[in-house]
Amino acid sequence: MDEEKRQTPDSDSFSALLLMLVALSGEFPIEQVRRLSGSVSYADFVVKRLKREKLIRTYYRDGLRGLRLTAAAKKQLAADWPDRFGPLFTGDTMTNAPKYSVLHRLRLHRMAEVLVSMFNVGIPFSPWERPVVFTLTPPSEAPYIDGPSYFSSREVKQLGAAATKIRNSRAVGILLSDGQVFSVYNTGPALMKWEYQAEMRLKALLQIELCQNRLPGQFGGAELGAVLFGVDMGQVPVLLDADTERKEHFIQDGSYGHFYFLTCDHRGDVILYLLFHPDEKAVLDDILSQGLDPRRPNWSVMNDAMDGENPVLFAYTCDMPRIRKFDNVLHIHGWIGTLYCFDFQEDAMRQICGPNVDIRCIDFEAYERGV
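What counts, and where the lines are drawn
Residues numbered from 1 in each chain as written. Predicted model: local features only at pLDDT ≥ 70, side-chain atom pairs only at ≥ 80, totals over all residues. Heavy atoms only, no water. Pairing = 2+ DSSP bridges. Helix = DSSP H or I, 4+ residues; strand = E, 2+ residues; numbered from the N terminus. Axes fitted to C-alpha atoms, helices over the stretch in contact; angles between N-to-C directions. Contact = heavy atoms within 4.5 Å. pLDDT = per-residue confidence, 0-100. Patch = residues over 30% accessible without salt bridge, like charges linked within 9 Å, V, L, I, M, F, W, Y side chains within 5 Å. Areas by Shrake-Rupley, 256 points an atom, 1.4 Å probe, with all protein chains shown as cover. Salt bridge = Lys/Arg side-chain N within 4 Å of Asp/Glu carboxyl O. Lys, Arg positive; Asp, Glu negative; His and termini not counted. Charge placed at Lys NZ, Arg CZ, Asp CG, Glu CD. Buried < 20%, exposed > 50% of the residue type's maximum accessible area, 1.4 Å probe, protein only. Core = buried A, V, L, I, M, F, W, Y, C linked by side-chain atoms within 4.5 Å. Phe/Tyr/Trp six-rings, centres within 6.5 Å; stacked < 30°, edge-to-face > 60°. Lys NZ or Arg CZ within 6 Å of the ring centre and 35° of its normal.

J.: Explain the sheet that holds strand S12 (residues 357-362) to me, and be specific about the residues and the numbers.
T.: One open sheet accounts for four strands, arranged S9-S10-S11-S12; its pairing is mixed. This sheet does not close on itself; its edge strands, each paired only once, are strand S9 (305-307) and S12. The sheet shows a mean angle of 30° between the axes of neighbouring strands, taken without regard to direction. Bridging between strand S10 (residues 310-314) and strand S11 (residues 337-342) involves three bridges; their strand directions are parallel. Considered in S11, the bridge of Phe-314 is made with Tyr-340. On the sheet, helix H11 (residues 278-289) packs against S10, S11 and S12 and is oriented at approximately 150° with respect to S10. Where helix H12 (residues 320-333) meets the sheet, it contacts S10, S11 and S12, and its direction lies at approximately 165° from that of S10.

And the structure:
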């Protein structure tokens, strides 16, 4: 194929977006392409065209199907944007020479799925879209994080020796926003096997390197939380099951003040958007608060509003420890409370909560039409 047909697509095109995501992830799960476009047929057309132009290829093995860049695509991207893509295609990096084992490839797929979610809600995730934070030595002048920004675990490893302490962490990245720091995980379709000590080392690393050494002005007093992506809401009751044999999990032990579970699909994207756009979330909370009394701060039961003497929790962001504590306190005192969630979360909430919790649903499609 001649060089004219192999030229890099325009930077603002869907083709360029897909090439960028494949480059950043090393191997991009092919089913995620359709999450990037409102038109399934167009997404499929772009994939076929890029294959025909020999810029991407399908790698299929052990039941996993992913997209990888061709050597020609790497050469062209590095030539057109050396500052952006040169580091990705240098040395034995996972983006330059991805490994072929199932575990390594699954790791790449989980990381790519989160990149798609970040793109869909407009959170910068590529190194050239926001300041560089994780470098071998702290920058002489602390950069300013303007709005939510996502950093992959691959970038965190650029801390050098300090990062070797967290090599067993299951985190796929770090999300910074408005004085908050979130460790980001993606369990995929299976339950994650936590390495508790590795996750605690990650938390300590973020507190020292990020909050104290690199960005103390913005994140010196930051609250550390976590976001966990998964396939469907059916995973949540298992994650919160006190009788599970997976006693190494740390979702409920207070390690993180907030631990949100989001599905890795359009519905999860909407909730991710609400989490990091407080004004939009406040609009929904105001709608839910109509006819209710104001929240009662510093009360024994956490609440977002009151229905007379009964606490009300807005649980549609699926903050797992918060939901569990709400249910536990109501059960202990024999009180009644109300929990609001989206309709696709209802079954999971009914499995999590006992008879003391009255569950009321928000029609997800009606909410989308309304906003």
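Back to the text.
J.: I'd like a rundown of the confidence of the model for the protein chain, residues and numbers included.
T.: With 93% of its residues at a pLDDT of at least 70, the protein chain reaches an overall mean of 91. Taken as a whole, residues 1-5 scores under 50 in pLDDT and shows five contacts with residues more than four places along the chain or in a different chain.

J.: Help me get a handle on a negative patch on the surface, residues and values and all.
T.: A contiguous patch of negative charge on the surface is contributed by Asp-343, Asp-363, Glu-365 and Glu-368. Along the chain, Glu-365 falls in helix H14 (residues 364-370). With a relative accessible area of 54%, Glu-365 lands in the exposed category.

J.: Lay out the nonpolar core in plain terms, naming residues and giving numbers.
T.: Counting residues in hydrophobic clusters, the biggest one holds 113 residues, and the most contacted among them are Phe-28, Tyr-150, Val-181, Tyr-185, Leu-228, Met-320 and Leu-339. Among the elements that make up this core, the one with the highest residue count is helix H1 (residues 14-25) (nine residues).

J.: Mind laying out the packing of aromatic side chains, listing which residues take part and the relevant values?
T.: Aromatic ring pairs are reported here in terms of the distance separating the ring centres and the angle at which the planes meet. One pass over the full model with this rule turns up 20 aromatic pairs. Each ring, one from Trp-194 and one from Phe-259, has its centre 6.2 Å from the other, and the planes form 80°; the classification is edge-to-face. Taken together, the residues Trp-194 in the loop between strand S6 (180-186) and helix H7 (196-214) and Phe-259 in strand S8 (residues 259-263) connect sequence positions 65 residues apart. Judged by its relative accessible area of 3%, Trp-194 falls in the buried class. Between the aromatic rings of Tyr-256 and Phe-259, the centroid separation amounts to 6.0 Å while the plane-to-plane angle is 80°, which identifies the pairing as edge-to-face. Ring pairs connect the aromatic residues Tyr-316, Phe-342, Phe-344, Phe-364 and Tyr-367, which therefore count as one cluster. For Arg-267, the ring lying beneath its charged end belongs to Phe-344, and the centroid distance is 4.5 Å.

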